[in-house]
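# Observations on chain architecture
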Amino acid sequence: MECISVFDMLKIGVGPSSSHTLGPWRAAELWIKELKTTNRFGKIKNISVDLFGSLSLTGKGHATDYAIMLGLSGADPETVPTENIDKTITSIKNTGTLFFNNEKSLSFNPEKDIVFNKSFLPFHSNGITFSATIDGDNIQSTFYSIGGGFVIKEESDNSKKNFEIKCSFPYPIEKGTELLKFCKNLNLPISQVVLENEKSIRSESDIDSELKRIWDTMLECMYLGCHTEGELPGGLNVKRRAYAMHKNLQGKSPYSNPVEWIYAIRDTEVKFRQILKWVSCFALAVNEVNASLGRVVTAPTNGSAGVIPSVLMYYLVIENHDGNFEDIKRFLLVAGEIGSIFKKGATISAAMGGCQAEIGVSSAMAAGALCELLGGTPDQVLVAAEIAMEHHLGLTCDPIGGLVQIPCIERNAMGAIKAINAAELALDTDPKNVKVPLDKVVNTMWETAKDMHTKYKETSEGGLAVGVNLTDC
């Protein structure tokens, strides 16, 4: 059984897309690792890259070419100073030189050496082939970015070579029914079962440290988005909205950092309209940062990165003013596990399943996690996840101009609100009366994904992407 850690589902990286930016970035790193392992890195004379399918069709808007150049240059998406990205790209373009893995200079012209092919490779819609010349011979290696920053290869025997963590959890889970069985047999909540699995590959102190780093990144992202005004890059002239929303909502309590900000928000007026606006503001803030090549957490993707932090923030500033790291830990553990069930049984790639695979899955993750924090049983947690996904089924991915902006940013706000509503509905539901279990909705989502026309799968060839003219923007 495939072993997926919560840290596979929640990755720190640079926006705007986990499949089109983080995935190709990681693929470039993996290619370099391949070259070094086979002692070919030092012999490389020149390199080129071919993009296929969705990576080609929306690659420009998703900064796929930027990600490739940064990955080939040896930059790490978790640590690279995001303010230096444009400088690095401009240098490569102006000089025609790429400092390969920060070790050797190679001639590189992005306009010629990164080829956007509109054709699709049969294995997956997000294909990327790296080519190099060694002693007059051309070598190639093909990778597939399958969503959420996951990268795999197709081997000669048609098997998948997955570069993510491989392990054997003590409580292997592929379906919701298996998760509930472990919860019942062990008499543990979902978060604790997930924690026991994580402890089989990491110490609890390492788990806590990494979860804190993930939450800190989420919080800093919300904070930055709420305090940055202006327009988003890319040519659509989309005006940032989180800044003005935050300014109108924020009270008079002073603060000077993200942690103090939480306490300041707790002192503001709380009515239904304010709650809606705060949650939407948090979600918009994250995805405005994401659209600006800022640092976010894939949850489970970059395009849906705003749902989980905004719902968790809702819990901390609205539902429980005594909320602490243990609550954050439980929330992220549950969210990660629900996300992994969808990845194993369906997909988290919009290029494979439309936006239901991104916003739908993130909403289900957030709904289930919130439900546990609000006192829901394991059965109710899965009911919450099911409700959230049920009402995202069939959601298409149709980004205007190939940018992760319209309608992507607003969809995060809607997914967050649906998640909160789903959690509340689940808390008032007797699981014995539920007609649609989580596993059924996972299967249905996958069948819907397979039936969905390709033009609605992150190609910008259908839906709003063609229904709205760029001149209208």
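Please refer to the structure placed before this passage.
Predicted model only: the values in this text are computed from it and were never measured. (Residues numbered from 1 in each chain as written. Predicted model: local features only at pLDDT ≥ 70, side-chain atom pairs only at ≥ 80, totals over all residues. Heavy atoms only, no water.)

Tallied over the entire structure, the rule returns 10 aromatic pairs. Plain terms: the ring middles of Trp-278 and Phe-282 are 5.4 Å apart, the flat faces sit at 25° to each other, and that makes the pair stacked. Of the two residues, Trp-278 and Phe-282 are both situated in helix 12 (residues 272-291); the distance of four residues between them amounts to about one turn of the helix. Grouping residues by exposure puts Trp-278 and Phe-282 together as buried. A network of ring pairs unites the aromatic residues Trp-31, Phe-41, Phe-100, Phe-130 and Phe-143 as a single cluster. The cationic tip of Lys-11 hangs over the ring face of Phe-150; the distance from NZ or CZ to the ring centre is 3.5 Å. Positioned over the ring face of Phe-143 is Lys-153, at 5.0 Å from the centre of the ring. (Phe/Tyr/Trp six-rings, centres within 6.5 Å; stacked < 30°, edge-to-face > 60°. Helix = DSSP H or I, 4+ residues; strand = E, 2+ residues; numbered from the N terminus. Buried < 20%, exposed > 50% of the residue type's maximum accessible area, 1.4 Å probe, protein only. Lys NZ or Arg CZ within 6 Å of the ring centre and 35° of its normal.)

Turning next to the side chain of Lys-153. With respect to the helices and strands, the residue Lys-153 is situated in strand 8 (residues 151-154). Here Glu-34 takes part through its side chain, which lies 2.9 Å from a polar atom of the side chain of Lys-153. A polar atom in the side chain of Lys-153 sits 2.7 Å from the side chain of Ser-141. (Polar contact = N/O pair within 3.5 Å; in protein donor to acceptor, adjacent residues only side chain to side chain.)

With 20 residues, helix 12 extends 29 Å between its outermost C-alpha atoms, agreeing within 8% with the 28 Å of an ideal straight helix rising 1.5 Å per residue. By the criterion of burial, helix 12 is predominantly enclosed, with 15 of the 20 residues buried. Positioned one or two residues after helix 12, Leu-293 has a phi angle of 60°, which is positive. (Expected span 1.5 Å × (residues − 1).)

Before going further, it helps to examine the pattern of salt bridges. Side-chain pairs of opposite charge can arise where the charged atoms are in close proximity. Counted under the stated rule, the structure contains 20 salt bridges. Where Asp-76 meets Arg-26, a salt bridge forms, and the shortest distance between an N and an O atom there is 3.8 Å. Of this pair, Asp-76 sits in the loop between helix 4 (64-72) and helix 5 (85-95) while Arg-26 sits in helix 2 (residues 18-37); the two residues are 50 residues apart in sequence, bridging distant segments of the chain. On the accessibility criterion, Asp-76 (30% relative accessible area) is partly exposed. Judged by its relative accessible area of 21%, Arg-26 is partly exposed. With a shortest N-O distance of 2.9 Å, Lys-153 and Glu-34 are connected by a salt bridge. Of this pair, Lys-153 sits in strand 8 while Glu-34 sits in helix 2, and the two are 119 residues apart along the sequence. (Salt bridge = Lys/Arg side-chain N within 4 Å of Asp/Glu carboxyl O.)

What follows covers the environment of Pro-16. Positionally, Pro-16 belongs in the loop between strand 1 (11-14) and helix 2. By relative accessible area, Pro-16 is classed as buried at 3%. Through-space distance from the C-alpha of Pro-16 to that of Gly-61 is 8.8 Å; in sequence the pair is 45 residues apart. If near-sequence neighbours (up to four positions away) are discounted, Pro-16 is found in contact with Thr-21, Gly-61, His-62, Ala-63, Asn-290, Ala-291, Leu-293, Asn-302, Gly-303 and Val-404. (Contact = heavy atoms within 4.5 Å.)

Attention shifts here to unusual backbone geometry. With an omega of 0°, the peptide bond running from Ala-299 to Pro-300 counts as cis. By secondary structure assignment, the location of Pro-300 is in the loop between strand 10 (295-298) and helix 13 (307-319). A cis amide bond, omega 5°, links Ile-406 with the succeeding residue Pro-407. Secondary-structure assignment places Pro-407 in the loop between helix 17 (378-390) and helix 18 (408-427). We note that Asp-135 has phi near 50°; this positive angle belongs to a residue other than glycine. Relative to the elements of secondary structure, Asp-135 occurs in the loop between strand 6 (126-134) and strand 7 (137-145).

The analysis is restricted to geometry; functional conclusions fall outside its scope.
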